[in-house]
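Each chain is listed here by its residues.
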Amino acid sequence: MNSNIGLDSQELKFLAIEASRGRQAERALGYLKQAIGQAPLDGELHYLMAAEHAQMGMYDRAAEEMEHALRLAPGLHAARLQLGLLYLTQANVDASGRTLEPLCALDEGSCFRSFAFGLLHLMHDRFPECRAALAQGIALKAQNDALNGDMRKILDALPAPAVDAASADSNVWLSAYKQDDAPN
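What comes next is a walk through the structure.

Conventions we followed
Residues numbered from 1 in each chain as written. Predicted model: local features only at pLDDT ≥ 70, side-chain atom pairs only at ≥ 80, totals over all residues. Heavy atoms only, no water. Core = buried A, V, L, I, M, F, W, Y, C linked by side-chain atoms within 4.5 Å. Buried < 20%, exposed > 50% of the residue type's maximum accessible area, 1.4 Å probe, protein only. Helix = DSSP H or I, 4+ residues; strand = E, 2+ residues; numbered from the N terminus. Contact = heavy atoms within 4.5 Å. Expected span 1.5 Å × (residues − 1). Arc of directions from axis to C-beta.

Looking at the nonpolar core
Core analysis: the largest hydrophobic core is formed by 21 residues, its most contacted members being Leu81, Leu100, Phe115, Leu119, Leu134 and Met151. Residue assignment for this core shows that the elements contributing at least two residues are helix H5 (77–89), helix H7 (111–123), helix H8 (127–139) and helix H9 (145–157). Ranked by residue count, the leading element in this core is H7, at seven residues. The residues contacting Leu81, other than those within four sequence positions of it, are Leu100, Leu103, Phe112, Phe115, Ala116, Leu119, Leu147 and Met151.

This is how it looks when you write it as structure tokens:
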């Protein structure tokens, strides 16, 4: 990548994002490594590197990079949420909970707050609460369509809501009553 001589870290970040969108992981990683070489304290660059590693299935490396990104930039809410989700998929519930907890203190209008609550509910098999929180987060329109897509996948994978047996029975009986009562 000698043709990148003279590009600054922001230009390299832009090129990395474009390469990633084009599913060119090797190029994206190359750009990110160069950018990090120029701006080693830029947490966003480390987060993008982590996201690229996660996309490749290198989850341990992705977790390390996201942790590093959050040490550099604790306000990277997307990185915090993704790290919590990554821990959750690895069945590391304690680490996931600790990672997501700071997001719960965000403003009620934050999709990250809603998503964090949704994942915390998921960890404890509180599916109706999980469903409501994730749906609220999606409705808040995260800036990141991929993030909304990930949350929709979780919603789709949740067990179907249980039907209240009493109301289901009453609906069945009511409909039977109306059929019997109808004029012939």
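Following the structure, the description resumes.
Thoughts on unusual backbone geometry
Although it is not a glycine, Arg23 sits at a positive phi angle of roughly 60°. Tracing the sequence through the fold places Arg23 in the loop between helix H1 (9–21) and helix H2 (25–38). The phi dihedral of Ala91 is positive, around 60°, even though this residue is not glycine. If you trace the backbone, Ala91 turns up in the loop between H5 and helix H6 (93–100).

Topic: H8
Relative to the 18 Å expected for 13 residues at 1.5 Å per residue, H8 spans 18 Å between its end C-alpha atoms, a close match to the ideal helical length. Along H8, the residues that are buried comprise Cys130, Ala133, Leu134, Gly137 and Ile138. The buried residues of H8 occupy an angular sector of 135° when projected down its axis, which confines them to one face. Exposed residues on H8 whose side chains face more than 90 degrees from its buried face are Pro128 and Ala139. Packed against the buried residues of H8 are H7 and H9. Just past H8, the residue Lys141 takes up positive phi, approximately 60°.

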